[in-house]
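Examination of the molecular architecture
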Amino acid sequence: MSSTKAASSSELTVKPGESRSSNFIRDIFLEDLKTRKFGDAVIQTRFPPEPNGYLHIGHAKAICLDFGLADEFAGKTNLRFDDTNPEKEEQEYVDAIKRDVRWLGFDWERLCYASDYFDQLYQWAIKLIRDGKAYVDDLTAEEIRKYRGTLTEPGKDSPYRNRSVEENLDLFERMQKGEFADGTRVLRAKIDMASPNLNMRDPVMYRILRAEHHRTGNRWCIYPMYDYAHGQSDSIERVTHSMCSLEFADHQPIYRWFIEQLGIFPSQQIEFDRLSLTYTQMSKRKLRLLVEEGHVRGWDDPRMPTLSGMRRLGYTPEAIRNFVAAVGVSRTNGIVELAMLEHFVREDLNRRSPRVMAVLRPLRIVIDNYPEGQVEEVEAVNNPEDENAGKRKVPFSKVLYIEQDDFREDPPKQYYRLSPGREVRLRYGYLITAKSMVKNDRGEVVEVHCTYDPATRGGNAPDGRKVKSTIHWVSAEHAIDAEVRIYDKLFTREDPDQVEEGQEFTANLNPTSLEIVARAKLEPSLANATIGNRYQFERLGYFCVDPDSKLGHPVFNRTVALKDTWAKVEKKIERKGEL
RNA sequence: GUGGGCAUAGUUCAACUGGCAGAACACCGGAUUUUGGCUCCGGCUGUACGGGAUCGUACCCCGUUGCCCACCCCA
């Protein structure tokens, strides 16, 4: 597979395992393969989430890299749960993560858990103690912190640093047996308390922690730390290239140190930049807080940047993969514009979504010269992007609904839609002209009376006259009601964490991130819509059927709006008006 | 202040490793259009700064500046 293949229109979608532009990780793979760094071994990677929350769009980048890049080189990828901290981890998250990885379009070679290696890790710890490279420390957490020194001052040796091998062996065994209280002792690697890299100042390898582990139950009361577990887990799985995010770069020396001391398979750590998106919060801790404090309805709330949230919103795995491929990978800390993600969502949805007419905010239209009681079936194209999608019939009658936005009593200059005296086209229907209005007590237009030109059935005038606008509609008597949830950005600021002194990031929550339209009017063909179905509501956006839908009460989510040139023009007009 | 990482259009990435700085998104303009969608065409702005070596540098050398990460018994 060419590493620099350009995107052609027939290959818009990035398959799992395909990538678009060159990147530094691929270069490393190429080089390592060329120099046979790992001998005959194929590329082996792993995606190593901690099961303490749901996967989000940031993880999608890691997944596409771990699985995609390996695929590209005919390599293999394991899904490994980094479950070394039982206090935070749960089976629920394990299940959700597996579901989300599969949904994104990937499958793992092996399903692994760091906890699978607890015995091996324990044996290796004993070896390190025997070799004089690890010791049991009785210092408290507080004391360890003090002894560690600071960024500028070297640390001090713990008074327990030079215990005998025998004593360490004995103490560590007793730690494991549960003879000591939580937090009273740790096992540390004996490296260098003066290292300029704080991670090398005798990192803690094991802590005593009595917590039920979601897999090993109460078998253990000591648990390995990330730094001791991760590299060895990679090595056990013979991972050749272990990709992780940039903040672990400072951990690479420990990663290598353990592997070297143990003399085991030399997995190689490669760091890359995390994905950041404007207007979105990617911190797991803060996402959890949004769920727990009820700012959203759950991890799969369509406003969440989680994969389950995006799935429910209507994003497709293809769109996400294409997006990730387009974003690329580097070692720079940047922030990708949300607009880019939305572009790839629209691009994918445009190709696959059947078009349908739906009116969100209905305005009643009465066609005065249309025969009372008459119903015609007009023919509508299902998807102009896909000839095979075919056509459908849509009922047309005397009383219709159009979008409130599509009528203006007093239209601004560049407004082409319906207004008194103006003729527009009802899509696939007739040309109509607005004649008069009915207003309510508040002076709002509640009904518009029009006339239609019977010669324009289908939307074309025999005399060739043109109209500037085509608007969508539904027949009032045939329309079905639906709840439509209009989602918008969860945060009002590009950087949700940018807050005034004393404020929380929740201060930037968008108060109108969810707007519920209780009784939208849909064309009757939507009666068959089932959960998960996606549509383009013509001129409005892409929508999908939410799992909350009940028989007779369909619920649609707006996945993303269509680009709205008119909205821009209108804004410009307003700005001019202010001047 | 210490160590590490990074710096190329508004944004995210490319640039065959020293040979005319490109793409996508965004933005602006136009064409087309029975979706103010899609598509098509065009435009826009750039190698952080200062030196040096070289016929020639985004790429090499020296220096400066800026940003990110690290001082959990979290991962």
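Note that this is a predicted model, so its numbers are computed, not measured.

For the structure on display, the rule yields 27 aromatic pairs. Seen from their ring centres, Phe396 and Trp473 are 5.2 Å apart, and the 75° between their planes marks the pair as edge-to-face. One end of the pair, Phe396, is in strand β14 (residues 391-396); the other, Trp473, is in strand β20 (residues 473-475), with 77 residues separating them in the sequence. Look at Phe396 and you get buried, because its relative accessible area is 0%. Exposure remark for Trp473: the relative accessible area of 0% places this residue in the buried category. In this structure an aromatic cluster arises from ring pairing among Phe118, Tyr122, Phe172, Tyr206, Trp220, Tyr223, Tyr228, Trp257 and Phe258. The ring centre of Phe180 lies 4.1 Å from the NZ or CZ of Arg185, which sits over that ring. The ring of Phe505 is capped by Lys286, whose NZ or CZ atom sits 5.6 Å from the centre of that ring.

Below, the discussion takes up the pairing of strand β9 (residues 268-272). Along a regular strand, successive side chains alternate from one face of the sheet to the other. Counting buried residues along β9, five of its five residues qualify, which places the element largely inside the surrounding structure. Here β9 shows two buried faces, one formed by Gln268, Ile270 and Phe272 and the other by Gln269 and Glu271. For strand β8 (residues 241-245) and β9, the ladder comprises five bridges, and the chain directions are parallel. Within β9, the position partnered with Ser245 by the bridge is Phe272. Between β8 and its parallel partner β9, the chain crosses via helix α8 (residues 252-262), and the hand of that crossover is right-handed.

The next thing to look at is the nonpolar core. Across soluble globular proteins, nonpolar side chains have a tendency to be buried as a group. Of all hydrophobic cores here, the largest spans 49 residues; its most connected members are Ile25, Ile57, Ile63, Val101, Ile320 and Phe323. No fewer than three residues from each of domain 1 (21-272) and domain 2 (284-352) sit in this core. If we ignore the near neighbours within four places in the chain, the residues touching Ile320 are Ile57, Ala60, Trp103, Leu104, Leu307, Met310 and Tyr315. Grouped together as the second largest cluster of nonpolar side chains are 38 residues, Cys112, Tyr223, Ala229 and Ile254 included.

Split by domain assignment, chain A resolves into domain 1 (21-272), domain 2 (284-352) and domain 3 (356-479). On a C-alpha basis, the centroid separation for the pair domain 1 and domain 2 is 28 Å. Every contact between the two is made by 26 residues of domain 1 and, on the other side, 24 residues of domain 2. In total, domain 1 and domain 2 occlude about 2,300 Å² of area from one another, counting both sides; carbon and sulfur atoms represent 68% of this. When the buried surface of domain 1 facing domain 2 is broken down by residue, Tyr54, Ile57 and Trp103 rank first, second and third, together holding 32% of it. Between Asp100 and Arg311 there is a salt bridge, with its nearest N and O atoms 2.9 Å apart.

Thresholds, definitions, all that
Residues numbered from 1 in each chain as written. Chains lettered and ligands numbered in written order. Predicted model: local features only at pLDDT ≥ 70, side-chain atom pairs only at ≥ 80, totals over all residues. Heavy atoms only, no water. Phe/Tyr/Trp six-rings, centres within 6.5 Å; stacked < 30°, edge-to-face > 60°. Helix = DSSP H or I, 4+ residues; strand = E, 2+ residues; numbered from the N terminus. Buried < 20%, exposed > 50% of the residue type's maximum accessible area, 1.4 Å probe, protein only. Lys NZ or Arg CZ within 6 Å of the ring centre and 35° of its normal. Pairing = 2+ DSSP bridges. Right-handed = clockwise from strand over helix to strand, strands pointing away. Core = buried A, V, L, I, M, F, W, Y, C linked by side-chain atoms within 4.5 Å. Domains from an automatic or database assignment. Contact = heavy atoms within 4.5 Å. Buried area = accessible area lost by both parts, 1.4 Å probe. Salt bridge = Lys/Arg side-chain N within 4 Å of Asp/Glu carboxyl O.

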